[in-house]
Amino acid sequence: MAVSPSPMKLIIDTDPGIDDALAIAYAAAAPEIELLGLSTVFGNTQVHQSSRNARYVLHLLGLDVPVAEGAALPRGASDYHPSVAVHGAEGFGHVTEIPQIGQNHPESAAEFLVRMAREHAGELIVCAIGPLTNIADAMRLDPGFAGNLNRLVIMGGSVFNGGNVTAAAEANIYHDPVAADEVLAAGAEVTLVGLDVTLGTLYDAGDFDLLSGAAPKVGGFLREISQFYLEFYRNSVGIEGCGLHDSTAVIACTHPQLFDTVQTGLHVAQDGDEIGATRMDSSRPDVAVCRTVAAREVIDLFTQRVASLH
């Protein structure tokens with residue numbers, strides 16, 4: 001009898017955020033994943049909101065895993081102002097009353113990531129779906145951190161297409177270009193899942209309706225918070241549907257065969273109109289940049305898995 005492979009050990013570094021909530025739900029539903037915890041960072045919200053939202057989503061999913069709070073500010077910054085037009089004032093769109101559930105883990109995000117990478121050396125995958133400040137902090141805290149990981153999968157960047165914050169830059173990289181550049185220069189085993197592929201995985205109002213009908217508790221919550229996101233895409237981008245940005249990155253962890261990648265070094269522009277842009281650089285260590293995606297398969301896989309969360 002064939003033996004099923006053990007689930008992959010995964011930590012999601014996250015800034016919930018509507019699309020982050022979708023990604024966490026997918027991770028909870030995927031039989032290929034053992035979710036070991038979440039680390040939180042500023043980004044779609046302030047970091048204390050990210051942590052509260054992460055704990056609430058885990059509560060909704062019935063998961064008892066740690067939430068380790070991390071960076072509140074980009075490298076070298078004295079303040080940070082989230083873009084409330086995209087995710088709403090509290091990170092979950094029109095849903096603004098989000099209860100405080102439980103407590104954060106006593107370790108910082110960087111400490112938690114470093115310890116878990118040591119304990120699961122060669123096995124742990126970290127999926128970073130917010131700014132890369134926590135990942136850079138973990139690399140500074142432990143020079144062996146990158147080598148202890150099985151892989152670092154990053155939702156961020158846009159190597160072959162334009163940005164979504166500026167003409168050149170994608171949001172997660174733009175919000176801390178210094179940290180992003182450090183991470184991409186570190187020589188880790190990296191897969192970059194950027195706008196080159198995530199804008200192909202559009203999820204529309206009908207998809208959310210189906211999800212809500214199949215899984216009223218979790219799917220209904222995801223549908224509710226995503227109305228704001230859909231409105232932003234419709235009114236500001238002119239698209240019917242929202243990109244499954246963060247979920248696509250988690251799916252790249254479990255189903256890499258759905259993506260075609262190219263190997264290239266990258267640097268992140270630090271100033272001027274190009275700030276936050278991810279540009280090819282042959283002097284840097286190669287990373288696997290996702291160039292194309294089997295979008296329909298990703299969308300269907302997301303729906304199938306999350307619909308099972310009754």
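Residues numbered from 1 in each chain as written. Predicted model: local features only at pLDDT ≥ 70, side-chain atom pairs only at ≥ 80, totals over all residues. Heavy atoms only, no water.

Student: Teacher, can you tell me more about the packing of aromatic side chains here?
Tutor: Here a ring pair, both rings aromatic, is described through the centre-centre distance and the interplanar angle of the planes. Overall, the coordinates contain seven aromatic pairs when judged by the stated rule. Between Phe 92 and Phe 221, the ring centres sit 5.5 Å apart and the planes meet at 85°, which makes this aromatic pair edge-to-face. In this pair, Phe 92 is assigned in the loop between α3 (84-87) and α4 (109-119) and Phe 221 in helix α11 (residues 218-237), connecting sequence segments 129 residues apart. We note that Phe 92, like Phe 221, is buried. Where Tyr 203 meets Phe 302, the ring centres are 5.2 Å apart and the plane angle is 85°; that geometry is what we call edge-to-face. Highlighted residues: Tyr 203 in strand β7 (residues 202-203) and Phe 302 in helix α13 (residues 295-307), separated in sequence by 99 residues. Three or more aromatic residues joined by ring pairs form one cluster here, namely Tyr 56, Phe 92 and Phe 221. One Lys or Arg, Arg 291, reaches over the ring of Phe 160 and ends 3.8 Å from the middle of that ring. (Phe/Tyr/Trp six-rings, centres within 6.5 Å; stacked < 30°, edge-to-face > 60°. Helix = DSSP H or I, 4+ residues; strand = E, 2+ residues; numbered from the N terminus. Buried < 20%, exposed > 50% of the residue type's maximum accessible area, 1.4 Å probe, protein only. Lys NZ or Arg CZ within 6 Å of the ring centre and 35° of its normal.)

Student: What's the story with helix α12 (residues 245-254) in this structure? I'm lost.
Tutor: Among the ten residues of α12, ten are classified as buried, and the element is accordingly described as predominantly covered. Inspection of α12 places His 245, Asp 246, Ser 247, Thr 248, Ala 249, Val 250, Ile 251, Ala 252, Cys 253 and Thr 254 among the buried residues, and these make up the whole buried set.

Student: Just to check I follow, could you spell out the pattern of salt bridges for this structure?
Tutor: Pairing between side chains of opposite charge can happen when their charged atoms approach one another. The tally for this structure, following the rule as stated, stands at 15 salt bridges. The partner of Arg 52 in a salt bridge is Glu 90, with the nearest N and O atoms 2.9 Å apart. Of this pair, Arg 52 sits in helix α2 (residues 47-61) while Glu 90 sits in the loop between α3 and α4, and the two are 38 residues apart along the sequence. Accessibility expressed as a relative area gives 9% for Arg 52, which makes it buried. Of the charged contacts, one joins Arg 118 and Asp 142 as a salt bridge, the two residues approaching to 3.2 Å between their closest N and O atoms. Remark: Asp 142 occurs in the loop between α5 (133-141) and α6 (145-148) and Arg 118 occurs in helix α4; sequence separation between them is 24 residues. Among the residues examined, Arg 118 registers a relative accessible area of 52% and is labelled exposed. A relative accessible area of 9% means that Asp 142 is categorised as buried. (Salt bridge = Lys/Arg side-chain N within 4 Å of Asp/Glu carboxyl O.)

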